[in-house]
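# Breakdown of the fold
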Amino acid sequence: MKALILLSGGIDSAVCTLIAKQRGRELFGLTFDYSQKHKIELKKAKKLGEVFGFKKHFFLKIPSIIFNSSSLVNKDLEVPENSFGKEKIPSTYVPSRNLIFLSFASAVAEKEGIDEIYIGANSIDFSGYPDCTPEFINAFQNCLKKGTKKGVEGRPVKIIAPLLKKKKGEIIKIGKNLGLNFSLTWSCYNPLNDKYPCGVCDSCIIRKRGFRIAKIKDPLNI
C-alpha cells in the first residue's frame, strides 16, 4: 500500500512517517509553503524526505494572502510568547489550514493511486486549533466518501491520524523507539535564525514539555 505523508518538518509528522514505514507502506510526501515565518521547516522537511526515502516528495506553494490573518504568516502580527493555554484559539491559528492541506492531499492521492494519507494532527498537547480534532478528521473522511471518485466507488482514501490522542511525551517516546533523529525536526513558530528556536512560542513550549516528560534530551536544546 502507498501512504502520503503531510510532512511539515516537525516531530509529529516525522513520527507519522516512521509509523507508516513500519507498517510497510510505500512512502510519498507532501509539504506546503504558505509563507510561514518558520520557513526553516521546509528545509527540515526536504531533508527528512531524503532520509525517509520518499518515492516522491511534492512541495506546493499556497498564496500568503489566504492565511494572512495568522501571526504565523502576517509580518505585522507578533507570534505570542509564553502564552500557551491562555487563549482558546490563539493568533497562530491558520484559517482552514488542515482543511486545505487535506484537500490538496486527497487530490494528490487520487492522482498517484495512494491509499492512505497520514497527518500528524494532535488534540491533546495542542494550541486549540479546531482542525486538529477527531471530529474534524472524521468529518473530512466523510467528505472523501461523498466527494471523490474513489469514495463513491467504495474505496475512499483513508485519513490516518495515529497521534491524534497522544500526549507530546508519548509521541517523542514513539519517535525514539522508531529511530527518529530529532535533530532533523523543527517546531518553533518564530525562530531567531535557522539554528536557534525562540523557546517561548506555543510550539516550543509544547516541545520542551514533551521532552522533559519523556526524559529524553532534545538535541535542539530549546
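Anything mentioned here points back to the structure above.
Read on for a plain summary of the structure. (Residues numbered from 1 in each chain as written. Predicted model: local features only at pLDDT ≥ 70, side-chain atom pairs only at ≥ 80, totals over all residues. Heavy atoms only, no water.)

### Some remarks on the side chain of T133
Tracing the sequence through the fold places T133 in the loop between β4 (116–118) and α4 (134–147). Those residues within four positions of T133 in sequence are excluded, and the remaining contacts are S123 and L164. (Helix = DSSP H or I, 4+ residues; strand = E, 2+ residues; numbered from the N terminus. Contact = heavy atoms within 4.5 Å.)

### Things to note about the nonpolar core
With 40 residues, the main nonpolar core has L4, L6, Y34, L102, I117, I119 and I159 as its most contacted residues. Elements supplying a minimum of two residues to this core: β1 (2–6), β2 (26–33), α3 (97–112) and α4. Sorting elements by how many residues they give to this core places α3 first, with five residues. Setting aside chain neighbours within four positions, we find I159 in contact with L102, I117, I119, I137, F140, Q141 and L144. L27, F54, I171 and L180 belong to the second-largest nonpolar core, a separate cluster that totals 26 residues. (Core = buried A, V, L, I, M, F, W, Y, C linked by side-chain atoms within 4.5 Å. Buried < 20%, exposed > 50% of the residue type's maximum accessible area, 1.4 Å probe, protein only.)

### Overview of the environment of P191
When you line up the elements, P191 lands in the loop between α6 (168–177) and α7 (202–214). Separated by 154 residues in the primary sequence, P191 and K37 have C-alpha atoms spaced 8.1 Å apart.

### Looking at the pattern of salt bridges
Using the criterion set out here, one finds eleven salt bridges in the structure. Note that D33 is salt-bridged to K61, the shortest N-O span being 3.5 Å. With a gap of 28 residues between them, D33 in strand β2 and K61 in strand β3 (residues 56–61) connect regions that are remote in the sequence. A salt bridge links D218 to R207; the shortest N-O distance between them is 2.7 Å. You can see D218 sitting in the segment after α7 and its partner R207 sitting in helix α7, a full eleven residues away along the chain. Each member of the pair D218 and R207 is classed as buried. It is possible to trace a salt-bridge network through shared partners that takes in D33, K39 and K61. (Salt bridge = Lys/Arg side-chain N within 4 Å of Asp/Glu carboxyl O.)

### A word on the sheet that holds β3
Within the open sheet, the five strands sit side by side as β3-β2-β1-β4-β5. Their pairing is parallel. Lying at the two open borders of the sheet, with one neighbouring strand each, are β3 and β5 (158–160). When the angles between neighbouring strand axes are averaged without regard to direction, this sheet yields 25°. As defined by bridge partners, β4 adjoins β5 across three bridges and the pair is classed as parallel. Of the residues in β5, the one forming a bridge with E116 is K158. (Pairing = 2+ DSSP bridges. Axes fitted to C-alpha atoms, helices over the stretch in contact; angles between N-to-C directions.)

### Here's the deal with the pairing of β1
Counting buried positions along β1 yields four of five residues, so the element is predominantly enclosed. Sheet topology note: the β1/β2 ladder contains five bridges and is parallel. Within β2, the position partnered with L4 by the bridge is F28. In this fold, the crossover linking β1 to β2 by way of helix α1 (residues 11–22) has right-handed handedness. When β1 meets β4, the two strands line up parallel, connected through three bridges. Counted as the bridge partner of I5 is Y118 from β4. (Right-handed = clockwise from strand over helix to strand, strands pointing away.)

### Here we look at the packing of aromatic side chains
Taken as a whole and assessed by the stated rule, the structure comprises eight aromatic pairs. Ring centres 5.9 Å apart and planes at 55° place the aromatic pair F32 and F104 in the tilted group. With F32 in strand β2 and F104 in helix α3, the pair connects residues that are 72 residues apart, well separated along the chain. Residue F104 is classed as partly exposed on the basis of its relative accessible area of 37%. Considering the side-chain rings of Y34 and F101, the 5.9 Å spacing of their centres and the 55° angle between planes classify their relative orientation as tilted. You can see Y34 sitting in the loop between β2 and α2 (40–52) and its partner F101 sitting in helix α3, a full 67 residues away along the chain. Pair check on accessibility: Y34 and F101 agree, each one buried. Through successive ring pairs, a cluster of aromatic residues spans F32, Y34, F67, F101 and F104. (Phe/Tyr/Trp six-rings, centres within 6.5 Å; stacked < 30°, edge-to-face > 60°.)

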